[in-house]
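Residue-level structural notes
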Amino acid sequence: MTFSGQEIEKLQLQAGEHLFMHASQVNDWKGNLNIFVKGKGVWVEDIHGNKFLDSMGGLWYKAAGYGRKRIAEAVYNQMLDIESPPSMSASISQIELSSKIASLYHDNKARVFFVSGGAEAVETAIKMAKKFSILNGKPNAYKVISRRYSYHGGTAMAVSLGGALTADPMGPLMPGAIHVTNWNSYRLPFDGSPVDVAIKCANEFEEVIKHQGSDSIAAIIAEPVSAAYGIQIPPAEYWQRLREIADKYNIVLIADEVITGFGRLGEYFGPMNWDVKPDITTVAKALTSGYAPLGAAIVTKKISDAFVGGDKETFKHLITFGGHPIACAAGIENLKIFEEEDLVGNSKKLGFYLYEKLNDLKKHKIVGDVRGGLGLLAAVELVQDKKNKKVFSSDFNISKILPDLIYKNKIVTFRAGDIISICPPLSINKEEIDFLVSGLDESIKEISKILNHN
Ligand SMILES: Cc1ncc(COP(=O)(O)O)c(C=O)c1O
């Protein structure tokens, strides 16, 4: 696929005039937007014909890698058969995908409420938890406890839960959104051993519950590993304690697995690493590896049984394109690839390998911490001073300079500032990890020189 200089210029002009890119100010990409035209495995090709390794798997979702023709064919065939069924009926793809997901989940009797993406999955889970609580004798339970610096999506309720730092000011948040201390393995928020601190962090949920009254709390929501907060992997005891607290006070435990669901942490679902069974799990991204927009709230039987009865028990929640049949067809084919190629096993195995290789980067004066080892999700944190873990001030402009340096080393990333996040396709192999780490090594060497910290 080749494009003339004129064609490229025209596209750049059109983008500059008409495209409103997400999470940017409108002049950010004028004239220099990266345009990609092809992908295969972990590699993508831009409009000029240059090849890059995608170290972030799209926006944390390209689990099965790029260019899977069979997923495209599954989508095409679904479109030819019936692209979407009449209202209040189902396609075969929706039925089969829900049953496949339940078979992979900790509760084989789970139900799957399909939506179009992660934020909708979170909104669905929260509404469901609130209604479940009301139906279960807690008519005043409208509050939800989440963690500071988390991210649960860009819609209004999800933003309220997400610690708000990544969001634009919008005035008052959702009433009843309460935030507690988040887990941070590099900068422990309290004194003590990591396990003691993790338990202290989890216990903050209990303190809030006691203070507010358990009858007012519908749900606890957290990511098994917070990507937004810089790939924060807690000790097993953290989620185990969250489960205990939720059980003790009859509160719905929601695992937001929009990033971690479907193998990212080396198990199909993250809390399986710690033998924890959430009541509701939200998923999106890797469910289709980004071949079509799809999300879901996976709901245990315990929760869905509350929605049996009449009008009072009806879950009055509807999203027109939630679980679109063509997205479900993509999901089914995607999960077939997962099984045939053991992508979850690869995530576990090569997650260790990636983590080991990244640890070599600690030789750089500015690499303060490397986090990973639980599946193919990792972070390298840059600091101005290793001893006191001081961050570089924004004057150093790292998040502007570093992505370009990494790009020159043939790696594409959008998450490279003080924290370089790494979330490659689960289909990555050792040679590709070597390429990725050596490109990061080179880029860190270059930025160390620019920052005068080598
Ligand atoms: C943990 C988590 N929850 C929810 C979302 C929102 O997903 P979406 O952007 O598909 O709405 C994200 C997005 O990155 C996420 O990381």
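In this report, we go over the structure that sits alongside the text. (Residues numbered from 1 in each chain as written. Predicted model: local features only at pLDDT ≥ 70, side-chain atom pairs only at ≥ 80, totals over all residues. Heavy atoms only, no water.)

A closer look at the sheet that holds strand E10 (residues 295-299)
Here we have 7 strands laid out as an open sheet, ordered E4-E10-E9-E8-E7-E5-E6, and mixed in their pairing. Every interior strand has two partners, whereas the edge strands, strand E4 (111-115) and strand E6 (177-180), have only one. The mean inter-strand angle of the sheet, taken between neighbouring strand axes irrespective of direction, is 20°. Along the sheet, helix H4 (residues 92-104) contacts E4 and E10; its crossing angle with E4, the most-contacted strand, is approximately 125°. (Pairing = 2+ DSSP bridges. Helix = DSSP H or I, 4+ residues; strand = E, 2+ residues; numbered from the N terminus. Axes fitted to C-alpha atoms, helices over the stretch in contact; angles between N-to-C directions. Contact = heavy atoms within 4.5 Å.)

Quick look at the environment of Ala-72
Position of Ala-72 relative to the elements: it lies in helix H3 (residues 69-81). On the accessibility criterion, Ala-72 (46% relative accessible area) is partly exposed. With 286 residues separating them along the chain, Ala-72 and Leu-358 place their C-alpha atoms 34 Å apart. (Buried < 20%, exposed > 50% of the residue type's maximum accessible area, 1.4 Å probe, protein only.)

Quick notes on the side chain of Thr-181
With respect to the secondary-structure elements, Thr-181 resides in the loop between E6 and helix H7 (194-212). Among the polar contacts listed, one links the side chain of Thr-181 to the side chain of Arg-148, at a separation of 3.5 Å. With sequence-adjacent residues up to four places away left out, Thr-181 is seen in contact with Arg-147, Arg-148, Pro-189, Phe-190, Cys-201 and Glu-204. (Polar contact = N/O pair within 3.5 Å; in protein donor to acceptor, adjacent residues only side chain to side chain.)

A look at the site of the ligand
Taken together, Gly-117, Gly-118, Ala-119, Tyr-151, His-152, Gly-153, Glu-223, Asp-256, Val-258, Ile-259 and Lys-285 make up the full set of residues adjacent to the ligand. Between the ligand and Ala-119, the relevant distance is 2.7 Å, taken from an oxygen atom to a main-chain nitrogen or oxygen of the residue. The separation between a nitrogen atom of the ligand and a polar side-chain atom of Asp-256 is 2.7 Å. About the coverage of the ligand: the protein hides 79% of its 390 Å² of free accessible area. A class-by-class count of the residues in the shell around the ligand yields 4 nonpolar, 4 polar and 3 charged. (Near = heavy atom within 4 Å. Areas by Shrake-Rupley, 256 points an atom, 1.4 Å probe, with all protein chains shown as cover. Nonpolar A, V, L, I, M, F, W, Y, C, P; charged D, E, K, R; others polar.)

Quick look at the sheet that holds strand E13 (residues 411-412)
Reading across the sheet, the 4 strands line up as E1-E2-E3-E13 and stay open at both edges, with mixed pairing between neighbours. With one partner strand each, in any of the chains shown, strand E1 (36-40) and E13 form the two edges of the open sheet. Sheet topology note: the strand E2 (residues 43-46)/strand E3 (residues 51-54) ladder contains 3 bridges and is antiparallel. Residue pairing for E3: Glu-45 is matched across the bridge by Lys-51.

Quick word on unusual backbone geometry
Unlike most non-glycine residues, Ala-23 shows phi in positive territory, near 50°. By relative accessible area, Ala-23 is classed as exposed at 88%. Of note, Asn-250 is a non-glycine position whose phi angle comes to about 60°, a positive value. You can see Asn-250 is positioned in the loop between helix H8 (236-248) and strand E8 (252-256).

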